[in-house]
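So the chains spell out like this:
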Amino acid sequence: MRAFIKVTLVAAVLTVSSCDFLEVTPVSQITSTNFFKTAGDADAALISCYDALQAFTYSRDVMMIPDIMSDALRANSGGNFTGHEAFNPSPVQGNINQIWQFSYIAIQRTLDVLENVPAITDPALTEERKNRILGEARFIRGLTYFNLTRLFGKVPIIERATKSPNQDL
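Residues numbered from 1 in each chain as written. Predicted model: local features only at pLDDT ≥ 70, side-chain atom pairs only at ≥ 80, totals over all residues. Heavy atoms only, no water.

## Considerations on the overall build of the chain
Piece 1. Of regular secondary structure, the chain possesses 6 helices and 0 strands.
Piece 2. Within the chain, residue pairs in contact and separated by at least 24 positions form 62% of the contacts whose partners lie at least 6 positions apart.
Piece 3. Of the roughly 11,200 Å² that the chain leaves accessible, carbon and sulfur atoms contribute 60%. (Helix = DSSP H or I, 4+ residues; strand = E, 2+ residues; numbered from the N terminus. Contact = heavy atoms within 4.5 Å. Areas by Shrake-Rupley, 256 points an atom, 1.4 Å probe, with all protein chains shown as cover.)

## Regarding the packing of helix 2 (residues 39–53) against helix 6 (residues 127–152)
Piece 1. In contact at an axis separation of 10 Å, helix 2 and helix 6 are set at 20 degrees when each is read in the N-to-C sense. As far as their axial angle goes, helix 6 and helix 2 are roughly parallel. Handedness of the crossing formed by helix 2 with helix 6: left-handed. On helix 6, the residues touching A39, A42, D43, L46, C49, Y50 and L53 of helix 2 are R129, R132, I133, E136, A137, I140, L143 and T144. (Axes fitted to C-alpha atoms, helices over the stretch in contact; angles between N-to-C directions. Parallel < 35°, antiparallel > 145°, perpendicular 65-115°, else oblique. Left-handed = near helix turned anticlockwise from the far one by under 90°.)

## With respect to unusual backbone geometry
Piece 1. The backbone of F36 sits at a positive phi, close to 60 degrees, despite the residue not being glycine.
Piece 2. Turning to its location among the elements, F36 is positioned in the loop between helix 1 (2–17) and helix 2.

## Some remarks on the nonpolar core
Piece 1. Formed by 19 residues in total, the largest nonpolar core has its most connected members in F36, A42, V113, V117, I120, L125 and I133.
Piece 2. For this core, the secondary-structure elements that each account for two or more residues are helix 2, helix 5 (94–116) and helix 6.
Piece 3. Counting residues per element, this core draws most heavily on helix 2, at 7 residues.
Piece 4. The residues touching I133, leaving out its near neighbours within four places in the chain, are A42, D43, L46, V113, V117 and L125.
Piece 5. Core analysis: the second largest hydrophobic core is formed by 8 residues, Y104, L111, V155 and A161 among them. (Core = buried A, V, L, I, M, F, W, Y, C linked by side-chain atoms within 4.5 Å. Buried < 20%, exposed > 50% of the residue type's maximum accessible area, 1.4 Å probe, protein only.)

## A look at the packing of aromatic side chains
Piece 1. Counted under the stated rule, the structure contains 4 aromatic pairs.
Piece 2. With a centroid separation of 5.3 Å and 75 degrees between ring planes, the pair formed by W100 and F152 is classed as edge-to-face. Here the residue W100 occupies a position in helix 5, and F152 occupies one in helix 6, the gap between them amounting to 52 residues.
Piece 3. Judged by relative accessible area, which is 32%, W100 ranks as partly exposed.
Piece 4. Taken together, the ring pairs connect W100, Y104, Y145 and F152 into an aromatic cluster. (Phe/Tyr/Trp six-rings, centres within 6.5 Å; stacked < 30°, edge-to-face > 60°.)

In structure tokens form, the structure reads like this:
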């Protein structure tokens with residue numbers, strides 16, 4: 001009797017595990033195929049551009065580092081800003097790495113907006129609203145490059161959104 005139950009149980013598990021109805025694509029997951037379809041998607045994408053600029057380190061350090069380097073502010077001994085005060089910042093300093101990282105996150109997001117929003121055909125996305133979103137994305141990208149150049153000098157200019165890690169930049 002136990003052998004019969006075991007065989008039945010194993011057969012049931014094997015039957016259920018091979019069913020296609022278990023292979024469900026998550027409908028709540030945002031992917032490149034289901035985003036940039038509506039006016040709400042365009043607004044959400046623009047908000048994500050602003051989100052990259054509000055990262056604590058980016059928003060604080062982009063403003064403070066030039067003041068520290070100009071003697072308008074003093075750096076605490078041993079902190080992340082002492083290298084800037086001595087005009088000897090290191091790429092391993094947390095604030096340098098994070099400014100660079102969040103700047104290029106913001107740039108990537110603006111490029112996504114600039115490449116994808118013009119193709120949205122949702123009637124709720126009027127031409128005026130579309131132009132405002134594209135203009136704000138261009139401004140964020142320009143501001144980010146301005147701050148990068150002000151802090152680091154010549155920086156790489158990314159001209160199109162990255163779609164793959166193998167993409168030639």
